[in-house]
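# Structural description and commentary
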Amino acid sequence: MAERYIITIGRQYGSGGRYVGRQVAEMLGIPFYDKELVEMAAEESGINKDLFEHADEKPSQPFWNILPVSAGGFGGRISAADMPMNDKLFLIQANIVKKIAEQGSCVIVGRCADYILKDDPDLLRVFIHSTPEDKINRVTKFYGVAEADAESVIAKADKTRANYYNYYSGMKWGVSGQYDLSINTSILGAAGTAKLIADFAKLKALKSDED
């Protein structure tokens, strides 16, 4: 029977997480999902894609200080009828994530996928980070960010991702104990990091078969 790999990747902005995730998927011969989730959620729900893109990995800002975050995360705090649009979009996208995992092996970047799929026995939770210098180099080289602005752009992006993750999961973004692997891409590079994750996934699947 073919092994099932469910790999989620959280990442700091500029750490190369998306590229690493795509490389892992290619090494294992499995589907990769990042921005594709936005298109799939828009198509399934009939809601304008621009709304999903605007809300992508952003919490419900107008309700940030008045909606309590329970220990169990976002789900169940308010009724669907009363939900802010960002929260409705999150739930739609969460259902897409679940359906993707039900279909088989995949690599999913961001979108609280590790929280959404937390009960999946085949889940491998990865967090990608990097040194400040390497993140600045990457965003200036690949994202077209001016070097003078790079540090503030990175900090803002990471704060937004952390707020999104913390709000919807009830956990804390980037804390190593919440992941099976936390890797600094500055040590092995993106390609080396991808190989490490792919090899780790294979070993995890092998151990599961032995249990």
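Look up: the structure comes first, before these words.
What comes next is a walk through the structure.

## Some thoughts on the sheet that holds strand β2 (residues 32-33)
With parallel pairing, the five strands of this open sheet are ordered in space as β2-β3-β1-β4-β5. Each edge of the sheet is formed by a strand with only one pairing partner; in this case those strands are β2 and β5 (181-184). Bridging between strand β4 (residues 123-129) and β5 involves four bridges; their strand directions are parallel. When the bridges of β5 are listed, I128 appears paired with I183. On top of the sheet, helix α1 (residues 17-28) reaches β1 (6-11), β2, β3 (106-109) and β4; it is set at about 165 degrees to β1, its chief contact.

## Regarding the layout of surface pockets
By volume, the largest pocket is sized at about 370 Å³. Forming the boundary of the largest pocket are 21 residues, of which R11, Y13, K35, E57 and R161 lie nearest the centre. Those elements that place two or more of their residues in the lining of the largest pocket are α1 and α7 (147-169). Per element, the largest residue contribution to the lining of the largest pocket is three residues, and it comes from α7. Of the residues in the lining of the largest pocket, the class split is five nonpolar, six polar and 10 charged.

Calculation criteria
Residues numbered from 1 in each chain as written. Predicted model: local features only at pLDDT ≥ 70, side-chain atom pairs only at ≥ 80, totals over all residues. Heavy atoms only, no water. Pairing = 2+ DSSP bridges. Helix = DSSP H or I, 4+ residues; strand = E, 2+ residues; numbered from the N terminus. Contact = heavy atoms within 4.5 Å. Axes fitted to C-alpha atoms, helices over the stretch in contact; angles between N-to-C directions. 1 Å grid on protein atoms, 1.4 Å probe; cavity = no way out; pocket = protein on both sides within 12 Å on 5 of 7 lines; lining within 4 Å. Points joined across faces, edges and corners; volume = space filled by probe spheres on them. Nonpolar A, V, L, I, M, F, W, Y, C, P; charged D, E, K, R; others polar.

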